[in-house]
Number of protein chains: 2
Amino acid sequence: MNAERTKDDLLTPALILDLDRFESNLDKMARHVRERGRGFRPHAKTHKCPEIARAAIAAGAHGICTAKLSEAEVFAEHGIPGLLITTAVIGRRKIERAVKLAGVAPDTIFVVDDENNARDLSEAAGAAKIRFNIALDLYVGRRTGIAPGAPAVELAQRIARLPGLEFQGLQAYAGHASHGMTFEERRRVSLEAVSQAVETRCLLEKAGFPVPMLSAGSTGTYNIDSEIDGVTELQPGSFLFMDVDYARVGGRDSEKYSDFACALTVLTTVVSRPEPKKAIVDAGLKAFSTDKPWPPEAKDVPGLVYGFAGDEHGRVDFSQADRELKVGDRLEFIIPHCDPTVNLYDRLYGLRGDKVEAVWTIAARGRCQ
Amino acid sequence: MNAERTKDDLLTPALILDLDRFESNLDKMARHVRERGRGFRPHAKTHKCPEIARAAIAAGAHGICTAKLSEAEVFAEHGIPGLLITTAVIGRRKIERAVKLAGVAPDTIFVVDDENNARDLSEAAGAAKIRFNIALDLYVGRRTGIAPGAPAVELAQRIARLPGLEFQGLQAYAGHASHGMTFEERRRVSLEAVSQAVETRCLLEKAGFPVPMLSAGSTGTYNIDSEIDGVTELQPGSFLFMDVDYARVGGRDSEKYSDFACALTVLTTVVSRPEPKKAIVDAGLKAFSTDKPWPPEAKDVPGLVYGFAGDEHGRVDFSQADRELKVGDRLEFIIPHCDPTVNLYDRLYGLRGDKVEAVWTIAARGRCQ
């Protein structure tokens, strides 16, 4: 990489990370969990980038979460320790891969919520003469998992009889709590969800199962879940980058959630000026994810309104801005939703001011298996 | 590749192409344009895959379109001839790359709609002692381009004075015509749009500019634009794969658009069964694009209703289906919108029945620059 490269040299659309903001976000979260005596296993599905995982470890994380097996394989190849795969690994072919992964990264934790799946893992572990670290995935977030309380305890008991599986604890991800529009709403929903997990933890320990881990938390609930006794570690992801979606919710101490700064943007170029007060930029729905109702937001030029104009283009209305746009102008946009937008790019340009200080490969991009 | 691999061996989510349907779609379109005496330059932004570009050339295409410069670079590396880049190449760094591309693929056509951009291209061509083939991008589709008629003729005249640029003709893509809900609506809109391009072509020829190319057409208007005298070639893309979005519009001779078959699906696995009559599959908004209002549609099991459940998961309601779903079941879904969904995957599995006959790299995936 040419050390003299600046933002102006980047081909657009380009995914850009403000390194000062990113480092500040990471430090702030790491300090928060450290001060509360919790563990820190930030979710790598947000960034899919080994360099960022390494930065998290250096900041005090004892590992990272990945959403899927194939994502975990990439981080294991890059020597990242303490992997927790937050989706169950189902089916013969994937379990063959899980055996290999557990061979090279034996501290990896696999979640289960289904007895047959646990049995498949146990058999594969036996055949390969390895052990799988297992956590129960609890249904506290309206998505996956075994119901907390008695059903979870019963499943844990059945799993305990299966050889080759080492029970490590619980995962309790409450996604529906993370985006509540006020802090109070998030607090109410998250306390309700996570307290079921804490209760399950107690029941399990009473039943004779030590539960070293209870992994919970998100960017929206980190300062809620970290106050709950029984939660051992947090697994937030978006705080590293932030996005329009998270920036819209309310904060604990302020009207707007400003705990972490928007560090991630997409740099675009005006490629056509066919209509009055409207410019076409070279970034459309292959450059920004479209799963949220809000569009990208211009970072530096007030009054610009972006609208998607197909796969490859966006239409920027500048009738409310104090400047004209012309072909060749470059515009930076804060992204609607960080995780799926990062997943569109092969690399991330780390900028210090206007200088390109780092080019990081999004090595687990596309690894949704 | 193991010749014995079947669909059951694929890790999910997997992007799957039914090769029989794909080949039939390609043959049908190729025959259509050939019988009407038009050229055929199908748009590769849909598939981003050199093997598919090669199949199109073998079926009679004289080239392919790409949306962006970086996409064209990939196809040039793979030896695909007749590239037309349908977005203007703006800025010093991109023009440096365009010079290199024109060196290895001298028949590449670049579109322009801005005099300064044409001047930049001309200067770069002069410095590198090459020539750029240029087409005027016409504003007939509510996106990019110079206004048809007098403004286009005037721009052509200015460009003609610039050394190093070889005028090849016109591009007239009317995206707003392609998804009209009835054939008659698409016909009305496309005739209005494309007739302006044909008129501009006549004006240019009267003014002494031969216009060898007028490139138009989409999957929604191929059998409209191919009937318009003056259109020299079609550039449809989605017909190769089809999707929920195109399958919803009306056909010319039937209520539903059934000209081409849905050939592309995503194979998923049920990973959790936490609620009655609902199953969680391992494919969410990193596995399907979300830019259309309709969700993925189950291919083989009637009555299933898919809903997005985050980045990595989908929630499948099977209360209206005639079977239960259990962890480990595999479900195939027709995708909402083909282009941005393909852009999420690194490879495409070509299936003949259940046998994996081909594994094609989506080599230009992520190339939105």
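Note that the structure is predicted; figures quoted are calculated from it, not measured.

**Student:** Which parts of the structure should I look at to understand the state of the cysteines?
**Tutor:** Covalent bonding between the sulfur atoms of two cysteines is what defines a disulfide. Scanning all chains against the criterion turns up 0 disulfides over all chains. Residue Cys65 of chain B stays outside any disulfide, its sulfur separated by 15 Å from that of Cys338 of chain B, the closest cysteine. Of all cysteine sulfurs, the one in Cys49 of chain A lies closest to Cys368 of chain B, which takes part in no disulfide; the gap is 17 Å. Under the relative-accessibility criterion, Cys368 of chain B is labelled buried at 4%.

**Student:** In this structure, what is going on with the interface of chain B and chain A? I would like to understand it.
**Tutor:** It is common to give the size of an interface as the accessible area that goes away when the parts come together. Taken together, the contact pairs 55 residues of chain B with 55 residues of chain A. Carbon and sulfur atoms supply 53% of the area that chain B and chain A bury against each other, a total of about 4,700 Å² over both sides. Three residues, Leu11, Arg143 and Lys286 of chain B, lead the burial of chain B against chain A; their summed loss comes to 14% of the area buried on that side. Summed over the shared surface of chain B and chain A, the result is 12 salt bridges. The partner of Asp346 of chain B in a salt bridge is Arg365 of chain A, and the shortest N-O contact between them spans 2.4 Å. Taken together, the connections running from chain B to chain A amount to 31 residue pairs in polar contact (both at pLDDT 80 or more). Contributions of two or more residues to the side of chain B that touches chain A are made by α4 (92-104), β10 (264-275) and α11 (338-342) of chain B. Among the elements that line the side of chain B that touches chain A, the one with the most residues is β10 of chain B, at 6 residues. Class assignment of the residues belonging to the side of chain B that touches chain A gives a composition of 17 nonpolar, 14 polar and 24 charged.

**Student:** Just to check I follow, could you spell out the pairing of strand β5 (residues 109-112) of chain B for this structure?
**Tutor:** It is a general feature of regular strands that their side chains alternate between the two faces of the sheet. Residues and elements named next belong to chain B. Alternating residues of β5 divide into Ile109 and Val111 and Phe110 and Val112, and every residue in both groups is buried. Pairing geometry for strand β4 (residues 83-85) and β5, over 2 bridges, is parallel. The residue bridging Leu84 from the neighbouring strand is Ile109, located in β5. Following the chain from β4 across α4 to the adjacent parallel β5, one finds a crossover that is right-handed. Where β5 meets strand β6 (residues 132-137), 4 bridges bridge the pair, whose relative direction is parallel.

**Student:** Which parts of the structure should I look at to understand the pairing of β6 of chain B?
**Tutor:** All names here are of chain B. The buried fraction of β6 is high, at 6 of 6 residues. After leaving β5, the chain enters helix α5 (residues 115-128) and then returns to the sheet as β6, a path that is right-handed. Each parallel crossover has a hand, and the one from β6 via helix α6 (residues 150-160) to strand β7 (residues 165-172) is right-handed.

**Student:** Explanation requested: the sheet that holds strand β5 (residues 109-112) of chain A in the structure shown.
**Tutor:** The pairing of strands in a sheet happens through backbone hydrogen bonds and is either parallel or antiparallel. Residues and elements named next belong to chain A. Spatial strand order, β2-β9-β8-β7-β6-β5-β4-β3: 8 strands in an open sheet with parallel pairing. In the strand order of this sheet, the two ends are held by β2 (39-40) and β3 (64-66), each with one partner. Pairing of strand β8 (residues 213-216) with strand β9 (residues 233-234), which is carried by 2 bridges, proceeds in the parallel orientation. Bridge pairing in β9 places Ala216 opposite Leu234.

**Student:** How do you make sense of the sheet that holds strand β3 (residues 64-66) of chain B when you look at a structure like this?
**Tutor:** Residues and elements named next belong to chain B. One open sheet accounts for 8 strands, arranged β2-β9-β8-β7-β6-β5-β4-β3; its pairing is parallel. The open sheet terminates on both sides in strands that have one partner only, identified here as β2 (39-40) and β3. Taken strand by strand, α6 contacts β5, β6 and β7, and its axis lies near 165 degrees from that of β6.

**Student:** What am I meant to see in the pattern of salt bridges here?
**Tutor:** Between side chains of opposite charge, pairing is possible as soon as their charged atoms come close. Tallied over the full model, the rule gives 74 salt bridges over all chains. Three or more residues joined by partner-sharing salt bridges are found here, namely Lys45, Lys68 and Asp339 of chain A together with Lys286, Asp311 and Glu312 of chain B.

**Student:** Just checking my understanding: could you explain the packing of helix α3 (residues 69-77) of chain B against α4 of chain B for this structure?
**Tutor:** Residue and element names in this part refer to chain B. Direction vectors running N to C along α3 and α4 enclose 20 degrees, while the axes themselves pass 11 Å from each other. The pairing of α3 with α4 is recorded here as roughly parallel in orientation. Note that α3 runs across α4; the crossing there is left-handed. Residues Leu69, Ala72, Glu73 and Ala76 of α3 pack against Lys94, Arg97, Ala98 and Leu101 of α4. When grouped by side-chain class, the residues that make up the contact of α3 with α4 number 5 nonpolar, no polar and 3 charged.

**Student:** I tried to follow the side chain of Ser218 of chain A on my own but got confused; where do I start?
**Tutor:** Residue placement: Ser218 of chain A occurs in the loop between β8 and α9 (222-225). Excluding residues within four positions of it along the chain, Ser218 of chain A makes contact with Tyr173, Ser178, Asp225, Pro236 and Tyr246 of chain A.

Criteria and cut-off values
- Residues numbered from 1 in each chain as written.
- Chains lettered and ligands numbered in written order.
- Predicted model: local features only at pLDDT ≥ 70, side-chain atom pairs only at ≥ 80, totals over all residues.
- Heavy atoms only, no water.
- Disulfide = S-S within 2.5 Å.
- Buried < 20%, exposed > 50% of the residue type's maximum accessible area, 1.4 Å probe, protein only.
- Contact = heavy atoms within 4.5 Å.
- Buried area = accessible area lost by both parts, 1.4 Å probe.
- Salt bridge = Lys/Arg side-chain N within 4 Å of Asp/Glu carboxyl O.
- Polar contact = N/O pair within 3.5 Å; in protein donor to acceptor, adjacent residues only side chain to side chain.
- Helix = DSSP H or I, 4+ residues; strand = E, 2+ residues; numbered from the N terminus.
- Nonpolar A, V, L, I, M, F, W, Y, C, P; charged D, E, K, R; others polar.
- Pairing = 2+ DSSP bridges.
- Right-handed = clockwise from strand over helix to strand, strands pointing away.
- Axes fitted to C-alpha atoms, helices over the stretch in contact; angles between N-to-C directions.
- Parallel < 35°, antiparallel > 145°, perpendicular 65-115°, else oblique.
- Left-handed = near helix turned anticlockwise from the far one by under 90°.

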